[in-house]
Amino acid sequence: MNETLIDRAMTYVKNLFIDDFSGHDYYHTLRVYNTAMRIAQAENADLTTVALAALLHDADDRKLSPKTTQNKDNARRFMRENHVDDETAERICKIIGDISYAGSNSVKPDSIEGKCVQDADRLDAIGAIGIGRAFAYGGNHSRLMHHPDILPRRNMTAEEYRNSNSTTINHFYEKLLNLKDMMNTEGAKAIARERDAYMREFLSEFLDEWDGVK
Ligand code: ADP
Ligand code: NI
């Protein structure tokens with residue numbers, strides 16, 4: 001693995017995400033990197049590809065950088081400036097494009113490296129960290145935590161998912177509770193089972209407290 005390149009990518013994303021407080025920050029990227037590397041080792045995946053794809057996966061997210069386009073400009077520029085060969089850069093951009101959640105239009109990456117990064121990104125949306133991120137995102141977007149009359153929507157397309165203006169509790173039913181069964185690798189499935197159980201316990205406690213049963 002090319003350690004210098006990975007170190008540079010870490011510094012690059014740290015500076016890129018410095019002002020983000022929406023739960024889509026540098027530490028999210030760092031957790032995705034660490035988890036992806038852990039899963040990748042068990043899968044014998046190419047570690048440099050996994051590392052770069054994980055570190056750059058949100059560099060062109062439109063919620064973070066409204067000016068960047070579908071062309072993965074930030075990721076491409078970083079790789080060009082750091083002499084990553086064209087074929088590798090292309091492979092990494094393909095992975096980044098494939099991994100994001102898009103409701104019922106989500107795609108499964110065809111490479112094992114893509115599968116590891118997608119799993120790691122999804123694992124960071126569930127469990128205790130996932131709960132924290134959901135409420136941070138909700139607060140950042142002026143959403144209600146919960147509204148008993150606004151019901152979760154099922155089977156949303158990518159467009160509906162992006163434009164949804166639902167509550168944070170509904171986000172668990174619309175996305176987060178689906179993620180456990182969407183994991184690609186065995187390593188991620190095991191982690192997801194535990195995180196999913198923890199989230200369900202949280203929801204049950206939250207709704208009991210809401211209803212005054214507890
Ligand atoms: P992805 O990295 O798959 O594109 P998003 O950018 O949609 O994920 O979301 C980033 C984080 O914000 C995740 O933890 C996600 O659960 C959370 N989030 C996204 N949309 C909502 C929402 N409508 N309500 C609460 N949390 C959300
Ligand atoms: Ni992400």
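Quick caveat: nothing in here was measured; it's all calculated off a predicted structure. (Residues numbered from 1 in each chain as written. Chains lettered and ligands numbered in written order. Predicted model: local features only at pLDDT ≥ 70, side-chain atom pairs only at ≥ 80, totals over all residues. Heavy atoms only, no water.)

A. Spotlight on the overall build of the protein. Broken down by element type, the protein carries 10 helices and zero strands. Order of helices (α) and strands (β) in the protein, N terminus to C terminus: α-α-α-α-α-α-α-α-α-α. Considering only contacts in the protein between residues 6 or more positions apart, those separated by 24 or more positions represent 62%. Accessible area for the protein stands at about 11,400 Å²; split by element, carbon and sulfur atoms hold 48% of it. (Helix = DSSP H or I, 4+ residues; strand = E, 2+ residues; numbered from the N terminus. Contact = heavy atoms within 4.5 Å. Areas by Shrake-Rupley, 256 points an atom, 1.4 Å probe, with all protein chains shown as cover.)

B. Molecular detail of the coordination of the nickel ion (ligand 2). Ligation of the nickel ion (ligand 2) by protein atoms is provided by His28 (NE2), His57 (NE2), Asp58 (OD) and Asp121 (OD), these donors lying 2.1 to 2.6 Å from the ion. For the nickel ion (ligand 2), the four donor atoms are set out with angles of 79 to 168 degrees between them, so the coordination reads as irregular. The sequence motif formed by the donor residues of the nickel ion (ligand 2) is H-x28-H-D-x62-D. Placement of His28 in helix H2 (residues 26-43) and of Asp121 in helix H6 (residues 112-123) is noted, with a sequence separation of 93 residues between them. Like Asp121, His28 is buried. (Donors = N, O, S within 2.8 Å, 3.2 Å for Na, K, Ca; no water. Tetrahedral: all angles 85-135°; square planar, octahedral: opposite > 155°, others 65-115°. Buried < 20%, exposed > 50% of the residue type's maximum accessible area, 1.4 Å probe, protein only.)

C. Representation of the nonpolar core within the structure. Grouped together as the largest cluster of nonpolar side chains are 52 residues, with contacts concentrated most on Tyr33, Leu52, Met79, Val117, Leu123, Ile126 and Leu176. Counting residues per element, this core draws most heavily on H2, at eight residues. If sequence neighbours within four positions are ignored, Leu123 has contacts with Thr35, Ile39, Met183, Ala188, Ile191, Ala192 and Arg195. (Core = buried A, V, L, I, M, F, W, Y, C linked by side-chain atoms within 4.5 Å.)

D. Main features of H6. Its 12 residues give H6 an end-to-end C-alpha distance of 16 Å, which sits within 8% of 16 Å, the value for a rise of 1.5 Å per residue. The buried fraction of H6 is high, at 10 of 12 residues. All buried positions along H6 are accounted for by Glu113, Gly114, Cys116, Val117, Gln118, Asp119, Ala120, Asp121, Arg122 and Leu123. Turning to H6, the residues buried within the fold contact H2, helix H3 (47-56), helix H5 (86-99) and helix H10 (186-210). (Expected span 1.5 Å × (residues − 1).)

E. Structural context of the packing of aromatic side chains. Within the structure shown, the criterion is met by eight aromatic pairs. Here a set of aromatic residues connected by ring pairs shows up, and it is made of Phe135, Phe172, Phe202, Phe206 and Trp210. (Phe/Tyr/Trp six-rings, centres within 6.5 Å; stacked < 30°, edge-to-face > 60°.)

F. Expanded view of the pattern of salt bridges. The full count for this structure, using the stated rule, is eight salt bridges. With a shortest N-O distance of 2.7 Å, Asp124 and Arg31 are connected by a salt bridge. Taken as a pair, Asp124 in the loop between H6 and helix H7 (127-140) and Arg31 in helix H2 lie far apart in primary sequence, 93 residues in all. With a relative accessible area of 5%, Asp124 lands in the buried category. Measuring nitrogen to oxygen at the nearest pair gives 2.8 Å for the salt bridge that ties Lys94 to Asp98. (Salt bridge = Lys/Arg side-chain N within 4 Å of Asp/Glu carboxyl O.)

G. Geometry of the environment of Asn105. If you trace the backbone, Asn105 turns up in the loop between H5 and H6. When the C-alpha atoms of Asn105 and Met156 are compared, they prove to be 8.4 Å apart, with 51 residues separating the residues in sequence. Dropping the residues within four chain positions of it, Asn105 is found in contact with Thr157 and Ala158.

H. Looking closely at helix H4 (residues 73-81). Of all the positions in H4, only Asn74, Ala75, Phe78 and Met79 are classed as buried. Buried residues of H4 fall within an arc of 125 degrees about the axis and therefore sit on the same side. In H4, those exposed residues whose orientation departs by more than 90 degrees from the buried face are Arg80 and Glu81. (Arc of directions from axis to C-beta.)

I. Spotlight on unusual backbone geometry. Look at Asn44: it is not a glycine, yet its phi comes out positive at around 55 degrees. With phi around 60 degrees, His83 is a residue other than glycine that occupies positive phi space. Mapped onto the fold, His83 is located in the loop between H4 and H5.

J. Representation of the packing of H2 against H6 within the structure. In the contact formed by H2 and H6, the axes pass within 8 Å of each other and the chain directions differ by 135 degrees. Here H6 runs oblique to H2, going by the angle between their axes. For the crossing formed where H2 meets H6, the hand is right-handed. Taken together, the residues of H6 that come into contact with H2 (itself represented by His28, Val32, Thr35, Ala36, Ile39, Ala40 and Glu43) are Ile112, Cys116, Val117, Asp119, Ala120, Asp121 and Leu123. Of the residues in the contact of H2 with H6, the class split is nine nonpolar, two polar and three charged. (Axes fitted to C-alpha atoms, helices over the stretch in contact; angles between N-to-C directions. Parallel < 35°, antiparallel > 145°, perpendicular 65-115°, else oblique. Left-handed = near helix turned anticlockwise from the far one by under 90°. Nonpolar A, V, L, I, M, F, W, Y, C, P; charged D, E, K, R; others polar.)

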